[in-house]
Amino acid sequence: MTHVEDELRSQPECWTRAAAEAGRYARELPQPGERVAIVGCGTSFFMAQAAAALREGAGQGETDAFAASEFPHHRPYDRILALTRSGTTTEVLDLLARHRGRARTTAVTADPRTPVMEVADQVVVLDHADELSVVQTRFATTALTLLRAHLGVHPGTAVADARTALTEPLPQGLVECGQFTFLGRGWTVGLANEAALKMREASLAWAEAYPAMEYRHGPISVSTAGTATWMIGEAPDQLAQQVGDTGALWVRGVLDPLAELVRAQRLAVALAAARGLDPDRPRHLTRSVIL
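Residues numbered from 1 in each chain as written. Predicted model: local features only at pLDDT ≥ 70, side-chain atom pairs only at ≥ 80, totals over all residues. Heavy atoms only, no water.

(A) The arrangement of the overall build of the protein chain in detail. Broken down by element type, the protein chain carries 10 helices and 9 strands. On C-alpha atoms alone, the protein chain measures out to a radius of gyration of 18 Å, which is about the 19 Å that the 2.2 N^0.38 rule sets for 291 residues. Residues classed as buried in the protein chain amount to 58% of the 291 residues present. Here the protein chain has roughly 12100 Å² of accessible surface; of this, 50% comes from carbon and sulfur atoms. For the protein chain, the centre of its 28 positive side-chain charges and the centre of its 34 negative side-chain charges are spaced 2 Å apart. (Helix = DSSP H or I, 4+ residues; strand = E, 2+ residues; numbered from the N terminus. Rg over C-alpha atoms; globule rule 2.2 N^0.38 Å. Buried < 20%, exposed > 50% of the residue type's maximum accessible area, 1.4 Å probe, protein only. Areas by Shrake-Rupley, 256 points an atom, 1.4 Å probe, with all protein chains shown as cover. Lys, Arg positive; Asp, Glu negative; His and termini not counted. Charge placed at Lys NZ, Arg CZ, Asp CG, Glu CD.)

(B) Molecular detail of the nonpolar core. Membership of the largest hydrophobic core comes to 65 residues, with the highest contact counts inside it found for V108, L144, F180, F182, L191 and M199. Considering each element in turn, this core owes the most residues, 9 residues, to helix α10 (residues 257-274). When sequence neighbours within four positions are dropped, the list of residues in contact with L144 reads M47, A50, A51, L54, W187, L191 and L258. With 19 residues, the next largest nonpolar core counts A37, F71, V123 and V125 among its residues. (Core = buried A, V, L, I, M, F, W, Y, C linked by side-chain atoms within 4.5 Å. Contact = heavy atoms within 4.5 Å.)

(C) Inspection of the pattern of salt bridges at higher detail. This structure, assessed with the given rule, holds 16 salt bridges. The partner of E5 in a salt bridge is R9, and the shortest N-O contact between them spans 3.7 Å. Within this pair, E5 and its partner R9 are both found in helix α1 (residues 3-9), separated by 4 residues, close to a single helical turn. Residue classification places E5 among the partly exposed residues on the basis of a relative accessible area of 22%. Judged by its relative accessible area of 35%, R9 is partly exposed. (Salt bridge = Lys/Arg side-chain N within 4 Å of Asp/Glu carboxyl O.)

(D) Quick look at the sheet that holds strand β4 (residues 104-109). What the 5 strands build is an open sheet, ordered β2-β1-β3-β4-β5; its pairing is parallel. What marks the edges here is a single partner per strand, and that holds for β2 (63-67) and β5 (122-125). The mean angle between the axes of side-by-side strands here comes to 20 degrees, regardless of whether they run parallel or antiparallel. Note that strand β3 (residues 79-84) and β4 share 6 bridges and pair parallel. In the sheet register, I80 faces β4, and the bridge partner there is T105. (Pairing = 2+ DSSP bridges. Axes fitted to C-alpha atoms, helices over the stretch in contact; angles between N-to-C directions.)

(E) Quick peek at the pairing of strand β8 (residues 227-231). Counting buried positions along β8 yields 5 of 5 residues, so the element is predominantly enclosed. Of the two faces of β8, the one carrying T227, T229 and M231 and the one carrying A228 and W230 are both buried. Where strand β6 (residues 179-184) and β8 come together, 5 bridges link them in parallel fashion. Paired with F182 across the bridge in β8 is W230. Here 3 bridges tie β8 to strand β9 (residues 249-251), and the two strands are oriented parallel to one another.

(F) Spotlight on the packing of helix α3 (residues 43-57) against helix α8 (residues 188-203). In contact at an axis separation of 7 Å, α3 and α8 are set at 160 degrees when each is read in the N-to-C sense. For the element pair α3 / α8, the angle class is roughly antiparallel. In this structure, the crossing between α3 and α8 has a hand that is left-handed. In contact with T43, F46, M47, Q49 and A50 of α3, α8 contributes G190, L191, N193, E194, L197 and K198. In terms of residue class, the contact of α3 with α8 is built from 5 nonpolar, 4 polar and 2 charged. (Parallel < 35°, antiparallel > 145°, perpendicular 65-115°, else oblique. Left-handed = near helix turned anticlockwise from the far one by under 90°. Nonpolar A, V, L, I, M, F, W, Y, C, P; charged D, E, K, R; others polar.)

(G) Region of the structure containing the pairing of strand β7 (residues 206-211). Pairing of β6 with β7 involves 6 bridges; the strand directions are parallel. The residue bridging G184 from the neighbouring strand is P211, located in β7. In the classification by handedness, the crossover that spans β6, the intervening α8 and the parallel β7 is right-handed. (Right-handed = clockwise from strand over helix to strand, strands pointing away.)

(H) Focus on the side chain of D64. Mapped onto the elements, D64 comes out in strand β2. Judged by its relative accessible area of 18%, D64 falls in the buried class. In this structure, D64 is in contact with R35, V36, A37, I38, A52, R75 and Y77, ignoring residues within four places of it in sequence.

Here it is, written out as structure tokens:
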């Protein structure tokens, strides 16, 4: 079993612990009414997108998400929340250092022995969700679970759905597809982006992601027999039929959206195996980008 496969299978336990400990970190995490920016790189950026949409949807306050390298430094925020598994990513460290003293800064990380401990005002350490793999799975979803629980929107079904995602067979014919499109709405757009990234990282697959309503504005043109379109969350009316009419395989999201991401992680690993690839050694990638 690869590191990434072992780690993705541990997610139900990681989520359970994060949800139980959310109250412990209530002061470190964004407070109701604060104007917040959530930042990250790669997978962490996509989790930031999901978390920002969840927070605004929960009525907690204006919340933006940025790739750390694209942060608008001229904008005022009450708090900057950085998601960084390694605690060493250059863009994140530079951003936190630049804004220290100008805005409250919080980092959520997996490793307490890294430079982020010195540049953030407050740090939440999820060391039980740290990973050996380059390809992120459990840290990202555990961090998002923590934030969902902090916002009061972590459903009791999520962990059970994650276990289902790990045990039920993937849809027939999915691994044989040559192209994958992931769709989301609201907070699940970030999850769709992350699902597509997992496919590219682990299996070198042609994978894309879009807001579901945007899919019909051009991207549907690539859908045909031998491709798959996977909806994470509730699908817009008539979209399943329209995808079916293209000849593409339609995958309906039936679980909690975060558990659907776990299913997509499994697909990435399964496709890597089918292609003779080692998902623990993704091409051109390292665990952290240090410039």
